[in-house]
Amino acid sequence: MQIDYSIFPVIDATLNGITAVLLAVGHHQIKRGSLSKHRAVMISAFVTSSVFLACYLYYHFHVGSVHFRGRGWSRPLYFSILISHTTLAIVVLPMILTTLGLGLRGRFDRHRGIARWTYPIWMYVSITGVIVYLMLYKIFV
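Below, the structure is looked at part by part. Nothing here was measured: the structure is a model prediction, and the numbers come from that model.

**A closer look at the overall build of the chain**
1) Next: Scanning the chain from terminus to terminus reveals four helices and zero strands.
2) Next: When the helices and strands of the chain are read in sequence order from the N terminus, they spell out α-α-α-α.
3) Next: The principal-axis extent of the C-alpha atoms belonging to the chain is close to 45 × 40 × 25 Å.
4) Next: Evaluated residue by residue, the chain yields a buried proportion of 36% over its 141 residues.
5) Next: For the chain, contacts bridging at least 24 residues in sequence account for 74% of all contacts bridging at least 6.
6) Next: Accessible surface for the chain amounts to roughly 8,600 Å². Of this, 69% is attributable to carbon and sulfur atoms.

Structure follows, in C-alpha cells:
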C-alpha cells in the first residue's frame, strides 16, 4: 500500500492554525479569570501541538527536505521566517512542558512567570508555521 504523503503539510498547517486559535482563547480565558476553561483549552493546544510534531516528523522522515522554489525578494523573507520559526520552535518546547507542568501542579506564580514568555513565542511559532506552509506549498510553487 502506497501512502500519499502530500496531505501531511495541510494537516500540519491546520494543526498549527488550530493551536494558535486555542492559545488565543486560552489567554482570553485566563484574563477573564476562568481557570478551568483556560486549563482545558491550553491542554488542547498542547495536544494539537503534539499531534503536529508527530505528523511533521513522520512526514519529513519519509519525504525528506522540501526545497523553497521562490525567487528574488521571497527567498530572504522565507528563510528569515523559517529560521526564526525553527529556532523558536526548539526553544519553546521545553518552555511549554515547564509551563504546563507548573500549571498542572498548581504552582501558579512560577507558571505565570514563565507563561509570559511561553505564550508569545508559542503563538509566533504556530502562526509562522502556517506562513511557512503557505509560502512553501501554495504561494511560491
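**So, the packing of helix 3 (residues 74–104) against helix 4 (residues 108–139)**
1) Next: For the pair helix 3 and helix 4, interaxial distance at closest approach is 7 Å and the crossing angle is 145°. Remark: the crossing between helix 3 and helix 4 carries left-handed chirality.
2) Next: Among the residues forming the contact of helix 3 with helix 4, the class breakdown is 22 nonpolar, 10 polar and one charged.

**Focus on the nonpolar core**
1) Next: Grouped together as the largest cluster of nonpolar side chains are 13 residues, with contacts concentrated most on L23, A45, V92, I121 and W122.
2) Next: Secondary-structure elements contributing two or more residues to this core are helix 1 (7–31), helix 2 (35–63), helix 3 and helix 4.
3) Next: At four residues, the largest contribution of residues to this core is made by helix 4.
4) Next: Leaving out residues up to four positions away in the same chain, L23 has contacts with M42, A45, Y119, W122, M123 and S126.

The rules behind each value
Residues numbered from 1 in each chain as written. Predicted model: local features only at pLDDT ≥ 70, side-chain atom pairs only at ≥ 80, totals over all residues. Heavy atoms only, no water. Helix = DSSP H or I, 4+ residues; strand = E, 2+ residues; numbered from the N terminus. Buried < 20%, exposed > 50% of the residue type's maximum accessible area, 1.4 Å probe, protein only. Contact = heavy atoms within 4.5 Å. Areas by Shrake-Rupley, 256 points an atom, 1.4 Å probe, with all protein chains shown as cover. Axes fitted to C-alpha atoms, helices over the stretch in contact; angles between N-to-C directions. Left-handed = near helix turned anticlockwise from the far one by under 90°. Nonpolar A, V, L, I, M, F, W, Y, C, P; charged D, E, K, R; others polar. Core = buried A, V, L, I, M, F, W, Y, C linked by side-chain atoms within 4.5 Å.

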